[in-house]
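Given next are the chains, with one letter for each unit.
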Amino acid sequence: MSVWWKDRVVYEIYPRSFQDSNGDGIGDIPGIIARLDSLADLGAGIIWLAPVYPSPDADNGYDIRDYRDIDPKFGTLADMDTLIAEAGKRDIKIIMDLVINHTSDEHEWFRKSRDPASEYRDYYIWRPPKAGGGLPNNWRGFFVEDAWEFDPRSGEYYLHLFHKKQPDLNYKNPKVIEEVKGILRFWLDKGVAGFRCDVINVLYKTSLADGKKGGILPGIEWYKCQEGNHEILRELRRDVLDAYDCFTVGESVMVNLEEARLLCGGTRRELDMIFSFDHLEVDRRTAKYIPKRFKAAKLLEVLTTWQRGLEWNAVYLENHDQSRIVSHYGDDKAYWERSAKLLAVLELTLRGTPFIYQGQELGMTNFDFTGFDQVNDVESLNMNALLTRYHVPERLRWKWISAASRDNARTPMQWSAGEGAGFTTGKPWLGINGNHRRINYESQAADPHSVRNFYKKLIALRSSSETLKYAPFTPRHARGPVIAYDREGEDEVWTTILNFSGKRADLAGALRAAETGPDTGCAIAVSNTGRTALTGRLEPWEALVVTRKKARLHPDTHLVLATC
């Protein structure tokens, strides 16, 4: 059955890096409004807006001071109303980032909670030092810090699974859940069409006992995917979300497939879909900063697990927390354009709602920073401090962190080859990649063969095909750098073939595995090389999508008729 948020393509905007309208070096909502026509032209049907709430920016907006207002650096509530209205005129819906595991320590609730006698004390998780002194437990946060911060005014510690300026809310307090319901209604009544829910599977802390020793995140067994978390999500769905035509997608920390099914299975009535991370970690060890060799077969294996394991997937290759995919899984040098197009084919021929991150459609690459003094990301800086303590040489630290830093996705959008990349007339809040002189929107919009226009054509193709949107996923081939898979509808089969290497590779084997080829009446629907015939070998970083009609039974004679 067709559902609007399954049919559309989502475009994530990281506001501070998208378009600056007033020359202060920070992107803003008026800047987004000015670029809506370009997003409509691309084919985006939904915008996911990363946080624009008032924030002291300890974690670039994910530390929220006020959930019902707009940070002045981004604009005003009136600007937000205009954005929703103008996007609506272009048939684009808006979803907001919902960050409810924690607030800023500058939020009114937390400031009041520092008084042990305050009615807000139990909005957060406060605990006294252990007998004899010391932290309440051995938990470590996601930013590789201790998970507790001492507050001299209170005489106690508060829990923060992320930055120390991001205290965790206490979901054992029913008042907190009621506050969140009010926040949801506020934005839904303004016309927002849903929420991307930040770290949504760690809300409920079943116990504050010590965690198992030896792991990267001691204590995670007490807060990841707890039954109390599921109860919260069902309550939010029942009491608020079901009254609106909206959807939710959850960022779920370190979930496996079974945990994911519990979060977004249709009968569970919790989330509509989740982001998983496994497909972006096939070349990573236990932490995303420690690399290992990429294997295309492993990527297909992971994709198959999630494509076939969930009722519906949130399909993505980039977001504001990930490396640029052409630098991660592609070749951002010799085969930059071709590998960027291959990755576009990969994403837009998978089953699920596609999420495209700003600049991905241009083939934007990882940053060209040269040292830690240029890095803004708190996670990267904390990881550098941790690796330094373990005596990892600076050269190796920089190699690992520069490849995986969240700042790679946060450098400003490259609109033009000019000064400031068309992003700002002022000093940008984060460095602009020097390759904006050759990789930018202005040059690609006018080039019918550009990466951007390749994305545009693929988005239009997906929109026109029920098979690409809804048909099941079947893996067909994995040998060396080449993978192939099918999307099989009632009357047709779409086969995607991808060569993840800079060398020529076997095409005939992939075609045989997919039971297709020149003699089966198939046609080339997509090629990133201009290929017109299914002969010869796969070119370096070549991507192909071929279609064929299926044989069908004649309703009267029961004879099998070839339809290709």
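Before reading further, recall that the structure is shown in the block above.
All of the points below concern the structure found in this document.

Calculation rules
Residues numbered from 1 in each chain as written. Predicted model: local features only at pLDDT ≥ 70, side-chain atom pairs only at ≥ 80, totals over all residues. Heavy atoms only, no water. Helix = DSSP H or I, 4+ residues; strand = E, 2+ residues; numbered from the N terminus. Rg over C-alpha atoms; globule rule 2.2 N^0.38 Å. Buried < 20%, exposed > 50% of the residue type's maximum accessible area, 1.4 Å probe, protein only. Contact = heavy atoms within 4.5 Å. Areas by Shrake-Rupley, 256 points an atom, 1.4 Å probe, with all protein chains shown as cover. Lys, Arg positive; Asp, Glu negative; His and termini not counted. Charge placed at Lys NZ, Arg CZ, Asp CG, Glu CD. Patch = residues over 30% accessible without salt bridge, like charges linked within 9 Å, V, L, I, M, F, W, Y side chains within 5 Å. Salt bridge = Lys/Arg side-chain N within 4 Å of Asp/Glu carboxyl O. Phe/Tyr/Trp six-rings, centres within 6.5 Å; stacked < 30°, edge-to-face > 60°. Lys NZ or Arg CZ within 6 Å of the ring centre and 35° of its normal. Core = buried A, V, L, I, M, F, W, Y, C linked by side-chain atoms within 4.5 Å. 1 Å grid on protein atoms, 1.4 Å probe; cavity = no way out; pocket = protein on both sides within 12 Å on 5 of 7 lines; lining within 4 Å. Points joined across faces, edges and corners; volume = space filled by probe spheres on them. Nonpolar A, V, L, I, M, F, W, Y, C, P; charged D, E, K, R; others polar. Expected span 1.5 Å × (residues − 1). Polar contact = N/O pair within 3.5 Å; in protein donor to acceptor, adjacent residues only side chain to side chain.

1. As for the overall build of the protein
Link 1 in the chain: When helices and strands are counted, the protein shows 18 helices and 18 strands.
Link 2 in the chain: Rg of the C-alpha trace for the protein: 24 Å, near the compact-globule value of 24 Å for 564 residues, within the 12% margin.
Link 3 in the chain: Projecting the C-alpha coordinates of the protein onto the three principal axes gives extents of approximately 80 × 55 × 50 Å.
Link 4 in the chain: Among the 564 residues that make up the protein, the fraction classed as buried is 60%.
Link 5 in the chain: Within the protein, residue pairs in contact and separated by at least 24 positions form 69% of the contacts whose partners lie at least 6 positions apart.
Link 6 in the chain: Put simply, the protein shows about 22,300 Å² of open surface, and 50% of that area lies on carbon and sulfur atoms.
Link 7 in the chain: For the protein, the centre of its 75 positive side-chain charges and the centre of its 80 negative side-chain charges are spaced 5 Å apart.

2. Structural notes on a positive patch on the surface
Link 1 in the chain: A cluster of basic side chains, namely Arg285, Lys292, Arg293 and Lys295, defines a positive patch on the protein surface.
Link 2 in the chain: Within the fold, Arg285 resides in the loop between β9 (273-275) and α9 (296-309).

3. A few points about the packing of aromatic side chains
Link 1 in the chain: If you walk through the whole model with that rule in mind, you get 32 aromatic pairs.
Link 2 in the chain: Between Phe294 and Tyr329, the ring centres sit 4.9 Å apart and the planes meet at 45°, which makes this aromatic pair tilted. With Phe294 in the loop between β9 and α9 and Tyr329 in the loop between α10 (325-328) and α11 (336-348), this pair connects stretches of sequence that are 35 residues apart.
Link 3 in the chain: One aromatic cluster is present, built from ring pairs that chain together Tyr53, Tyr67, Trp109, Tyr120, Tyr123, Phe186 and Trp187.
Link 4 in the chain: The ring of Trp429 carries the charged tip of Arg16 above its face, separated from the ring centre by 5.6 Å.
Link 5 in the chain: Directly above the ring of Trp126 sits Arg121, whose terminal nitrogen or CZ lies 4.0 Å from the centroid.

4. Focus on the pattern of salt bridges
Link 1 in the chain: Counted by the stated rule, this structure contains 50 salt bridges.
Link 2 in the chain: Between Arg284 and Asp283 there is a salt bridge whose closest N-O contact spans 3.2 Å.
Link 3 in the chain: For Asp283, a relative accessible area of 6% translates into the label buried.
Link 4 in the chain: In this structure, Arg324 engages Glu318 in a salt bridge whose closest nitrogen and oxygen atoms are separated by 2.7 Å. The same class applies to Arg324 and to Glu318, which are both buried.
Link 5 in the chain: In this structure, a network of salt bridges that share partners links the residues Asp59, Asp321, Asp377, Arg406 and Arg410.

5. Some words on the nonpolar core
Link 1 in the chain: With 134 residues, the main nonpolar core has Met80, Leu346 and Phe500 as its most contacted residues.
Link 2 in the chain: The element that contributes the greatest number of residues to this core is α11, accounting for 8 residues.
Link 3 in the chain: Leave out the neighbours within four places in its chain, and Phe500 touches Phe294, Ala296, Leu299, Tyr329, Leu342, Leu343, Leu346, Pro481, Ile483 and Trp541.
Link 4 in the chain: With 17 residues, the next largest nonpolar core counts Ile125, Phe142, Tyr223 and Val253 among its residues.

6. Some thoughts on empty space enclosed by the protein
Link 1 in the chain: Applying the stated criterion across every chain yields a total of 5 cavities of 30 Å³ or more.
Link 2 in the chain: Taken as a whole, the largest cavity holds about 140 Å³ of empty space.
Link 3 in the chain: In terms of lining, the largest cavity is formed by 14 residues, of which the most central are His279, Leu303, Asn313, Ala314 and Val315.
Link 4 in the chain: The set of elements that each furnish at least two residues to the lining of the largest cavity consists of α9 and β10 (314-316).
Link 5 in the chain: Per-class residue counts for the lining of the largest cavity are 9 nonpolar, 4 polar and 1 charged.
Link 6 in the chain: A volume near 70 Å³ is recorded for the second largest cavity.
Link 7 in the chain: Taken together, Leu98, Ile100, Leu184, Cys197, Ile200, Leu233, Leu236, Leu241, Thr248, Glu270 and Leu271 make up the lining of the second largest cavity.

7. Here's the deal with helix α12 (residues 378-389)
Link 1 in the chain: Between the first and last C-alpha of α12 there are 17 Å, a value that for 12 residues agrees with the 16 Å anticipated at 1.5 Å per step.
Link 2 in the chain: Among all positions in α12, only Val378, Glu379, Ser380, Asn382, Met383, Asn384, Leu386 and Leu387 are buried.
Link 3 in the chain: For α12, the elements touching its buried residues are α13 (394-404).
Link 4 in the chain: The distance from a side-chain oxygen at the start of α12 to the backbone nitrogen of Glu379 is 3.2 Å, and the residue carrying that oxygen is Asp377.
Link 5 in the chain: Count one or two residues on from α12 and you reach His391, which has phi positive near 65°.

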